[in-house]
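So you can see what is in the structure, the chains are spelled out below.
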Amino acid sequence: MGSLSKGVGKVEVTLRWDPSPMGEPPHDLDIIAATYAADDPYGSPVYVVHFDSRSPDGTITLNRDSRTGQGFGFDEVMTLELDRLAPAYARVVVGMAIQQGGGRKTFGDIPNTGFRIREGYTVLAESDFADVSASTAASVAEFTRDASGSWDFRPAVRGFDVDPDSFAGAMGGSLA
């Protein structure tokens, strides 16, 4: 008998933070999503979506990319259409990273940081990075495809002390 659960379909990941004080380098945080192959779900990512980009098939899109944190509400928004992702992919890991161009900054150095993950109006996860305040990057979610083809969500907040480029390659391997 089949499962009645449809799994996770279309997800919105949002990130917020306050701008830096006048005269200081801007705080620039980014949402990053890494997609992994079904035949190697804990290997290297097949592709990474970040910094004003989208996946090759258009299923993962960075809709809003802020370099300063100015504005109301959430500063960055990424949409993941997992229900449209090809069967060749079985895992997607989402994280957040702080650009380090203006000197080393951690989540604890930047006021009012936070993220939210929701499917429609249902909040799947929400946090303020307090548990990883000494980190420069953090994984926040893992989505895996089960044998029936449905996507499951697992909150996965884990801090890293790496630059954004290194983080993109490291964030998925740590959740195995």
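Residues numbered from 1 in each chain as written. Predicted model: local features only at pLDDT ≥ 70, side-chain atom pairs only at ≥ 80, totals over all residues. Heavy atoms only, no water.

Participant: Looking at this structure, how should I read the pairing of strand β1 (residues 10-16)?
Facilitator: Every regular strand shows the same layout, with side chains that alternate between the two sheet faces. In the sheet, β1 pairs with strand β5 (residues 76-81) via six bridges, with the strands oriented antiparallel. Pairing of Glu12 across the sheet is with Thr79, part of β5. Two strands pair when backbone bridges link them, and β1 and strand β7 (residues 114-119) are joined in this way by five bridges, in the antiparallel orientation. Residue pairing across strands places Leu15 opposite Phe115, the latter belonging to β7. (Pairing = 2+ DSSP bridges. Helix = DSSP H or I, 4+ residues; strand = E, 2+ residues; numbered from the N terminus.)

Participant: What is the right way to read the packing of aromatic side chains from this model?
Facilitator: Centre-to-centre distance and the angle between the planes together describe a pair of aromatic rings. Applying the stated rule across the entire model yields five aromatic pairs. Taken together, a centroid distance of 5.4 Å and an interplanar angle of 55° make the contact between Phe115 and Phe129 tilted. With a gap of 14 residues between them, Phe115 in strand β7 and Phe129 in the loop between β8 (122-127) and β9 (137-145) connect regions that are remote in the sequence. Each member of the pair, Phe115 as well as Phe129, is classed as buried. Joined through ring pairs, the aromatic side chains of Phe107, Phe115 and Phe129 make up one cluster. Above the face of the Tyr36 ring, Arg91 is positioned so that its terminal group lies 4.8 Å from the ring centre. (Phe/Tyr/Trp six-rings, centres within 6.5 Å; stacked < 30°, edge-to-face > 60°. Buried < 20%, exposed > 50% of the residue type's maximum accessible area, 1.4 Å probe, protein only. Lys NZ or Arg CZ within 6 Å of the ring centre and 35° of its normal.)

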